[in-house]
Amino acid sequence: MSVVAHREATTGGFWSRTSLGQKQLIWAWGFLAVPLLFYVVIRFWPTFQAFYLSVTDWTITKPAEFVGLENYKRLFADPLFWQVFRNTFVYLILGTPISLMISFIVAYYLDRVRFMHTFIRALYFLPFLTTAAAMAWVWRWFYQPVPIGVINDVLAGFGIPQQPFLRSTTQALPAVLAPAVWAGLGFQIIIFLAGLRAIPVTYYEAARIDGLSEGAILRKITLPLLKPTLVFLVVFSSIGFLRIFDQVYNINTNDPGGPLNSTKPLVLMIYQTAFSSYEMGYAAAQTVVLFLILLVISLVQLRLMRDR
Amino acid sequence: MPRVRPGRIIAWTLLFIGGVIMVTPLLFMLSTSLKDASQVYDLRIIPAAPTFDNYIEILSDGRFTRWFVNSMIVAIIVTLSNVFFDSLVGYTLAKFRFRGRYIVFVAILSTLMIPTEMLVLPWYLMASQFGWLDSYWGIMFPGMMTAFGTFLMKQFFEGIPNDFLEAARIDGLNEFAIWWKIAMPLVTPALSALAIFTFLGNWTAFFWPLIVTTSAELYTLPVGLSSFAVEQSIQWEKIMTGASIATLPTLIIFLFLQRYIVRGVMLAGLKG
Amino acid sequence: MRFRHLIASVALGVATLAASGARAVEIEYWQYVFDTRVKAMNQLIAKFQEANPDIKVKQTTFPYADYQTKVAASILAGQGPDVVQLFYGWTDNFIAGKMIRPLRAEAFPAADIERDFFPIVSAMKRGNDYYGLPTAVRSLALFYNKKAFKDAGLDPNNPPKTLEELIAAAEKTTKRDGSGNITSAGMTLDMTGQDHQWWREVLIRQFGGTPYTENDTKVTYNDEAGLKALTFYTDLQKKHKVGQAGFMDEGQAAFRAGLAAMTIDGTFRLGSFGTIKSFEWGVTELPANAQGVRSNYASYFANAITTKAEGEKLAAAEKFLAYVSSPEAMNIWMEVVGELPARRTAALTPENIAHPIYGPFLKGLEYAHTTLFKDELAQRQVAIDMVNRVLIGNEEPKASLAKAAEAEQAILDRAKR
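Residues numbered from 1 in each chain as written. Chains lettered and ligands numbered in written order. Predicted model: local features only at pLDDT ≥ 70, side-chain atom pairs only at ≥ 80, totals over all residues. Heavy atoms only, no water.

Draft legend 1. Spotlight on the pairing of strand β8 (residues 140–145) of chain C. Residue and element names in this part refer to chain C. Across the six residues of β8, six count as buried, placing the element largely inside the fold. Across five bridges, the pairing between β8 and strand β13 (residues 260–266) is antiparallel. Residue L142 lies in a different strand from β13, and its bridge partner there is I264. Here β8 runs beside strand β14 (residues 281–284); their pairing, made up of four bridges, is antiparallel. Bridged to F143 within β14 is V283. (Buried < 20%, exposed > 50% of the residue type's maximum accessible area, 1.4 Å probe, protein only. Helix = DSSP H or I, 4+ residues; strand = E, 2+ residues; numbered from the N terminus. Pairing = 2+ DSSP bridges.)

Encoded structure:
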């Protein structure tokens with residue numbers, strides 16, 4: 001049966017050797033039995049079911065009936081969907097580069113710092129351990145207008161006019177994004193630090209002997225060798241930003257995704273369609289679209305990063 | 001002796017300032033939780049007259065302790081389950097040779113491509129049909145095993161020399177014992193990384209618990225906090241106290257286990 | 001033989017146990033979490049159980065935000081309540097989902113209901129059937145900060161009576177810092193609170209329009225009156241600058257912090273404002289227009305019997321519903337929650353009408369309107385967005401109003417199907 005069994009069958013007594021292989025086989029499938037059942041019932045079956053639900057008109061109160069591509073047609077004709085689609089990508093396009101840029105710069109310099117290294121690293125890492133739902137409330141408070149808003153109070157101290165933040169269609173999305181970037185930095189910095197550590201010191205020494213400048217070392221040695229780390233972080237954080245929900249939901253509970261839907265991401269639209277309007281079939285179609293977006297983005301990124 | 005260059009000092013100072021900015025929201029959260037309603041609009045970081053009244057009031061009402069316990073139960077059970085099953089599957093895929101191994105591996109790995117959000121509606125349907133809504137099991141069942149953990153553990157088990165396992169086999173240990181007693185202790189760093197990630201992920205999880213829980217008695221901390229904050233009709237000192245209660249446990253754990261946690265994150269990030 | 005006896009006696013024992021267990025019927029009651037409501041209901045349950053020792057009532061509560069979904073999901077899963085509290089605006093949803101059943105006419109005759117209750121209860125009627133009864137009703141009023149009035153040189157015992165006086169008082173009480181930012185508002189603007197009701201059922205009517213026709217299935221506010229009403233509202237921020245949407249996050253929070261002189265809110269806010277210690281506040285009827293026309297928005301949570309309740313549970317549920325909509329229950333509810341009795345005789349006592357706080361709310365009840373929402377959340381969102389387009393997006397009120405009318409009509413049409 002298995003490779004091991006075949007190889008060993010030729011060397012020793014036929015019966016006893018085969019039975020060891022078979023025993024191995026039984027052990028292996030025995031170990032896998034419960035997990036496989038789990039994956040089939042909790043992962044694969046629901047995946048197919050999600051596709052199926054997306055072509056039905058299931059609501060909480062009404063059993064599912066097949067409606068063809070009706071949900072998709074409705075979705076693509078809904079201006080709200082396109083707005084939400086745009087928002088979701090703005091979260092991604094702003095969030096990923098900004099957070100990676102900051103975390104790389106911090107990691108690059110932190111790597112060279114010895115004095116209070118652990119302490120400073122801890123300062124950056126702490127936000128990663130917080131609960132997004134809780135911190136959204138802290139940020140919500142920060143963004144208030146005067147007299148209670150911390151940020152506007154600081155701005156007023158510098159004589160800068162007060163900003164509307166969450167009460168603006170242009171500033172609200174970056175304002176909601178900030179806590180997500182903030183909370184993710186610690187993780188990315190740690191991963192970058194690990195990546196930087198993994199680069200052999202001898203490379204740098206050789207480069208310095210060759211008289212390369214710090215900038216050239218960064219460009220020619222550090223960045224290329226960091227590529228696997230970078231690929232991982234780009235894909236990982238992109239998926240995170242495309243699935244943003246906790247912050248958006250909590251930072252504006254009275255008008256989630258507002259004002260005027262300017263901060264609403266796809267996951268919030270799914271949540272509202274499913275659990276405020278009970279249109280489960282329609283929501284399922286939205287989840288399928290989310291799945292396709294994530295799939296395409298990950299594939300494109302992996303492709304781009306590999307080719308370069 | 002290398003002299004300290006001014007560039008270094010500037011870099012250090014900037015890094016330090018950046019770090020302080022990073023924890024500013026946490027400091028404000030804590031400081032406001034120690035203020036009473038009349039001091040909330042005084043935006044000083046050090047409260048003029050610190051008081052624990054908010055904590056006493058919130059904790060004495062009992063709900064937060066309940067949510068805290070719920071979160072603990074859920075996060076610990078899911079973590080144990082992941083540590084057990086993910087490593088069992090990872091080990092099997094790494095160390096056994098049998099037909100179908102590759103298919104199983106690819107099948108499990110392929111679930112990484114499927115966002116939870118897509119499964120949430122079928123899970124919800126499943127939970128309501130089986131009566132799992134509003135139960136611990138309902139909160140936990142989707143996360144009992146993860147492809148990420150399985151993949152991570154497989155990577156680490158592949159690094160264990162087969163000789164170790166063969167020797168144990170010759171000693172007459174059965175396969176389960178070989179895995180549990182020989183292989184598992186060799187990958188403890190990976191196990192702790194997996195445990196840290198799973199625990200943190202479940203401790204902070206919001207989306208699924210929000211959907212699946214119905215009664216306040218079964219809320220996890222994030223969901224409880226969110227509903228508590230809405231109910232407080234914007235009394236910031238109360239909300240900040242709730243947020244502190246939800247956030248402090250992980251921060252305190254971090255202070256004690258910083259080395260392991262950072263190493264765990266590095267391991268998971270590099271191999272994952 | 002002996003063995004058979006044994007079995008028989010065991011079986012008998014089990015049967016008796018089961019029977020005695022069944023003698024106390026347990027029914028479940030659900031409502032959303034709100035401290036005083038839960039307390040009041042606990043008192044009602046205690047009194048009811050005292051009078052009906054054979055019935056046990058178990059109360060379960062959920063946060064308001066998820067309440068509807070949770071109720072729907074549980075009832076359909078065959079769990080859930082026997083008696084459920086629902087917002088009158090959800091009735092259509094609950095009937096369509098076969099979640100609640102009509103009240104039996106023998107137990108709750110329609111003629112009696114219509115004689116004893118305020119007319120807004122008719123929102124629970126479909127055809128000849130009533131689907132639920134409220135314990136209490138709620139209306140809107142203008143809350144004002146007496147200290148802020150005094151500080152601004154206004155008479156704290158003479159709150160604004162007309163919309164014009166409202167603006168004048170708001171202008172006097174608004175405080176700004178050196179850069180012109182509002183530090184204390186004259187009037188709160190919060191569409192996510194009660195302002196959308198004020199706009200819909202009060203302002204539109206006061207400017208000569210009607211928000212809807214045909215049982216609230218046709219939007220009719222996209223006209224001169226609707227425009228005037230919207231402009232009046234948005235001008236509070238844009239022209240008079242006496243308030244600012246989002247100031248202190250929520251209007252009620254601004255008022256409670258003493259940083260807003262006036263706010264429009266409902267009876268249900270009395271409990272929360274009751275804890276204010278730093279200043280004295282008063283309540284007055286919603287301001288009339290120049291011609292003296294007044295209007296108000298009234299709403300209520302009704303208690304209904306679910307389709308899950310059958311047999312003796314149904315009988316118990318009916319008894320319980322009858323009790324929680326009795327005058328005695330209404331008085332307890334008013335004392336604990338501060339909401340007004342839904343029965344006229346219980347509400348309109350001379351004592352209540354003269355009451356400085358209940359009085360204005362009760363007067364409002366007499367000319368109040370009730371919107372028959374199809375999808376309360378979605379319709380509220382339409383109003384929120386309409387105002388946001390003007391205040392944030394600087395859109396012309398006329399264009400924004402037209403968009404709102406169209407969006408709301410689409411919601412109503414979708415619900416009809």
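Draft legend 2. Structural context of unusual backbone geometry. Residue and element names in this part refer to chain A. For the bond running from V146 to P147, omega is 5°, close enough to zero to count as cis. Relative to the elements of secondary structure, P147 occurs in the loop between α6 (132–142) and α7 (150–157). Cis geometry marks the peptide bond from G258 to P259, where omega comes out at 0°. Here P259 shows up in the loop between α12 (246–251) and α13 (266–275).

Draft legend 3. Spatial organisation of the interface of chain A and chain C. Taken together, the 23 residues of chain A in the interface contact 30 residues of chain C. For the pair chain A and chain C, the summed buried surface comes to about 2300 Å²; carbon and sulfur atoms form 51% of the total. For chain A, the biggest contributors to the area lost against chain C are R167(A), N254(A) and L260(A); these three give 28% of the whole. The interface formed by chain A and chain C contains two salt bridges. Note that R414(C) is salt-bridged to E279(A), the shortest N-O span being 3.9 Å. For the pair chain A and chain C, the interface holds eight residue pairs in polar contact (both at pLDDT 80 or more). Tallied by class, residues from the side of chain A that touches chain C come to 11 nonpolar, seven polar and five charged. (Contact = heavy atoms within 4.5 Å. Buried area = accessible area lost by both parts, 1.4 Å probe. Salt bridge = Lys/Arg side-chain N within 4 Å of Asp/Glu carboxyl O. Polar contact = N/O pair within 3.5 Å; in protein donor to acceptor, adjacent residues only side chain to side chain. Nonpolar A, V, L, I, M, F, W, Y, C, P; charged D, E, K, R; others polar.)

Draft legend 4. Structural view of the packing of aromatic side chains. The full count for this structure, using the stated rule, is 86 aromatic pairs over all chains. Ring plane angle 75° and centroid distance 6.1 Å describe the contact between W198(C) and Y233(C), whose orientation is recorded as edge-to-face. Here the residue W198(C) occupies a position in helix α8 (residues 191–206), and Y233(C) occupies one in helix α9 (residues 224–238), the gap between them amounting to 35 residues. Given the relative accessible area of 0%, W198(C) is considered buried. In textbook terms, an aromatic cluster arises when at least three aromatic residues are bridged by ring pairs, as seen for W27(A), F31(A), F84(B), F85(B), Y91(B), F96(B), F157(B), F176(B), W179(B) and W180(B). Directly above the aromatic system of Y282(A) lies the positively charged group of R74(A), at a separation of 3.8 Å from the ring centroid. Its guanidinium or amino end placed over the ring of F105(B), K154(B) lies 4.2 Å from that ring's centre, counting from NZ or CZ. (Phe/Tyr/Trp six-rings, centres within 6.5 Å; stacked < 30°, edge-to-face > 60°. Lys NZ or Arg CZ within 6 Å of the ring centre and 35° of its normal.)

Draft legend 5. Representation of helix α9 (residues 175–186) of chain B in the model. Residue and element names in this part refer to chain B. Taking 1.5 Å of rise per residue, the 12 residues of α9 would be expected to cover 16 Å, and the 16 Å separating its terminal C-alpha atoms lies within 8% of that figure. Those residues of α9 that fall on the buried side of the exposure criterion are E175, A177, I178, W179, A183 and M184. The N-cap of α9, judged by a side-chain oxygen 3.0 Å from the amide nitrogen of F176 a few residues on, is N174. (Expected span 1.5 Å × (residues − 1).)

Draft legend 6. Molecular detail of the domain arrangement of chain A. Looking at chain A, the domain boundaries give domain 1 (3–44) and domain 2 (70–307). Taking only C-alpha atoms, the centre of domain 1 of chain A and the centre of domain 2 of chain A are 44 Å apart. (Domains from an automatic or database assignment.)

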